[in-house]
Amino acid sequence: MKKIFLFIGFLTISFFTANAQEISDNAIGLRLGDNDGFGAEISYQRRLSDNNRLEIDLGLRNGKNYDGFKATGLYQWVWQIENRFNWYAGAGGGLGFWSIDNPAGDDFSETFVFVSGVVGIEYNFDIPLILSLDFRPEIGFNDSYDGFNSDFGLGIRYQF
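Our subject in this report is the structure included herewith.

### What about the environment of Arg157?
Point 1. Summarising the element assignment, Arg157 is placed in strand β8 (residues 146-159).
Point 2. Linking Arg157 and Ser43, residues 114 residues apart in sequence, is a C-alpha distance of 7.7 Å.
Point 3. In contact with Arg157, not counting residues within four places along its chain, are Ala27, Ile28, Gly29, Arg31, Ser43, Gln45, Glu55, Pro128, Leu129, Ile130 and Ser132.
Point 4. At a separation of 2.9 Å, a polar atom in the side chain of Arg157 contacts the side chain of Ser43.
Point 5. A polar contact is formed between the side chain of Arg157 and the side chain of Ser132, at a distance of 3.1 Å.

### A few points about the environment of Ile121
Point 1. Positionally, Ile121 belongs in strand β6 (residues 108-124).
Point 2. With sequence-adjacent residues up to four places away left out, Ile121 is seen in contact with Ile81, Asn86, Trp87, Tyr88, Leu131, Ser132 and Leu133.

### Brief notes about the pattern of salt bridges
Point 1. Tallying each qualifying case throughout the model produces twelve salt bridges.
Point 2. A salt bridge links Arg31 to Glu41; its shortest N-O distance comes to 3.5 Å. Taken together, the residues Arg31 in strand β1 (residues 26-35) and Glu41 in strand β2 (residues 38-49) connect sequence positions ten residues apart. With respect to class, Arg31 is no different from Glu41; both count as buried.
Point 3. With a shortest N-O distance of 3.3 Å, Arg47 and Asp50 are connected by a salt bridge.
Point 4. Take Arg47: its relative accessible area is 32%, and that puts it in the partly exposed class.

### Details of the packing of aromatic side chains
For any pair of aromatic rings, the description rests on two quantities: the centre-to-centre distance and the angle between the ring planes.
Point 1. Counted under the stated rule, the structure contains seven aromatic pairs.
Point 2. Centre to centre, the rings of Phe85 and Tyr123 are 4.8 Å apart; their planes meet at 55°, and the pair counts as tilted. Here the residue Phe85 occupies a position in strand β5 (residues 85-100), and Tyr123 occupies one in strand β6, the gap between them amounting to 38 residues.
Point 3. Relative accessible area serves as the criterion here: at 39%, Phe85 is assigned to the partly exposed category.
Point 4. Across the ring face of Tyr88, the terminal group of Arg53 is positioned such that the distance to the ring centre comes to 5.0 Å.
Point 5. Across the ring face of Phe114, the terminal group of Lys70 is positioned such that the distance to the ring centre comes to 5.3 Å.

So, how was this worked out
- Residues numbered from 1 in each chain as written.
- Predicted model: local features only at pLDDT ≥ 70, side-chain atom pairs only at ≥ 80, totals over all residues.
- Heavy atoms only, no water.
- Helix = DSSP H or I, 4+ residues; strand = E, 2+ residues; numbered from the N terminus.
- Contact = heavy atoms within 4.5 Å.
- Polar contact = N/O pair within 3.5 Å; in protein donor to acceptor, adjacent residues only side chain to side chain.
- Salt bridge = Lys/Arg side-chain N within 4 Å of Asp/Glu carboxyl O.
- Buried < 20%, exposed > 50% of the residue type's maximum accessible area, 1.4 Å probe, protein only.
- Phe/Tyr/Trp six-rings, centres within 6.5 Å; stacked < 30°, edge-to-face > 60°.
- Lys NZ or Arg CZ within 6 Å of the ring centre and 35° of its normal.

Put into structure tokens, the structure is as follows:
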């Protein structure tokens, strides 16, 4: 019985002395998703304050008859859920470029712009690694990237 009271006391003390949220100064890695042909993105996060950060993602795509890139910038607010779990939301935008080489001779290329949002959860490991899952809606404003687009992404980043 004494051990049970000791265990309950330990849990209570642990609950009230939970660590404050910490955002690393920098994190770099990959965000794996799929939005109109842009799968893996190189992702960089920079801490701006105690609960805000900037995320910059660059997706590159190269195929037999097409090339493209897509750059996204997002301002994010981060809140602690519990211990090492955080959730975040943000807004931003970006630009991209498509170039399609049609064998019939009807080549096409276009630069596009979009606005974007993000909402997700993340887990900070004891080692300098962060794992995240997010939903990113986007609204494009050009002929080839027009209207509502969205994707889910899995991110893995090294923190430093």
